[in-house]
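So you can see what is in the structure, the chains are spelled out below.
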Amino acid sequence: MISCKKIVPPAPVISSNSKEFFSVSENTVKNGDVMNFSLTTVGTYTLTMIDTVQNQVVSRERFTGKIGTNSLKIYTNSLPTKYLNVVLKDQNNVQIGKTKIIIN
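Residues numbered from 1 in each chain as written. Predicted model: local features only at pLDDT ≥ 70, side-chain atom pairs only at ≥ 80, totals over all residues. Heavy atoms only, no water.

**Concerning the overall build of the protein chain**
Within the protein chain, the secondary structure is distributed over zero helices and seven strands. Along the protein chain, from the amino end to the carboxyl end, the secondary structure elements read β-β-β-β-β-β-β. Of the contacts formed within the protein chain by residues at least 6 apart in sequence, a portion of 60% connects residues at least 24 apart. As displayed, the protein chain offers around 7300 Å² of accessible surface, 51% of which is attributable to carbon and sulfur atoms. (Helix = DSSP H or I, 4+ residues; strand = E, 2+ residues; numbered from the N terminus. Contact = heavy atoms within 4.5 Å. Areas by Shrake-Rupley, 256 points an atom, 1.4 Å probe, with all protein chains shown as cover.)

Here it is, written out as structure tokens:
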């Protein structure tokens, strides 16, 4: 006897860090978290982390962005402070996104 059974794939699990990173004014992160954000054009982008107390740049990374969702990991163990502003700019130095992060 042969029977057919419909296989239903499980619903995708949406984690807290799957939200649009720059859509909220503040994010709580821990080492290894992923920040997801959407871009409308391919190009070179700069992600800058700024100490909110001393207003000094603590990290700056350039990367090639793609159209659609982009994901970058945050490594917080080497960061000297718990409160940072994160700013995303395009190749023309136009700000695309900004948020504050609190490191757990």
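**Here we look at the sheet that holds strand β1 (residues 26-29)**
Strand order in the open sheet formed by five strands is β1-β7-β6-β3-β4, with mixed pairing between adjacent strands. Both edges of this open sheet fall to β1 and β4 (57-65), since each of them pairs with a single strand only. Strand-to-strand twist in this sheet, taken as the mean axis angle between neighbours without regard to direction, amounts to 25°. The pairing of strand β3 (residues 43-51) with strand β6 (residues 83-89) spans six bridges and is antiparallel. Paired with Met-49 across the two strands is Val-86, which belongs to β6. (Pairing = 2+ DSSP bridges. Axes fitted to C-alpha atoms, helices over the stretch in contact; angles between N-to-C directions.)

**Considering the nonpolar core**
Core analysis: the largest hydrophobic core is formed by 18 residues, its most contacted members being Phe-21, Phe-37, Leu-47, Phe-63 and Leu-88. Counting residues per element, the ones that place at least two in this core are β2 (34-39), β3, β6 and β7 (95-103). Contact partners of Phe-37, with chain neighbours within four places excluded, come to Glu-20, Phe-22, Phe-63, Gly-68, Thr-69, Asn-70, Leu-72 and Leu-88. (Core = buried A, V, L, I, M, F, W, Y, C linked by side-chain atoms within 4.5 Å. Buried < 20%, exposed > 50% of the residue type's maximum accessible area, 1.4 Å probe, protein only.)

Remember, this is a structural readout, not a statement about activity or role.
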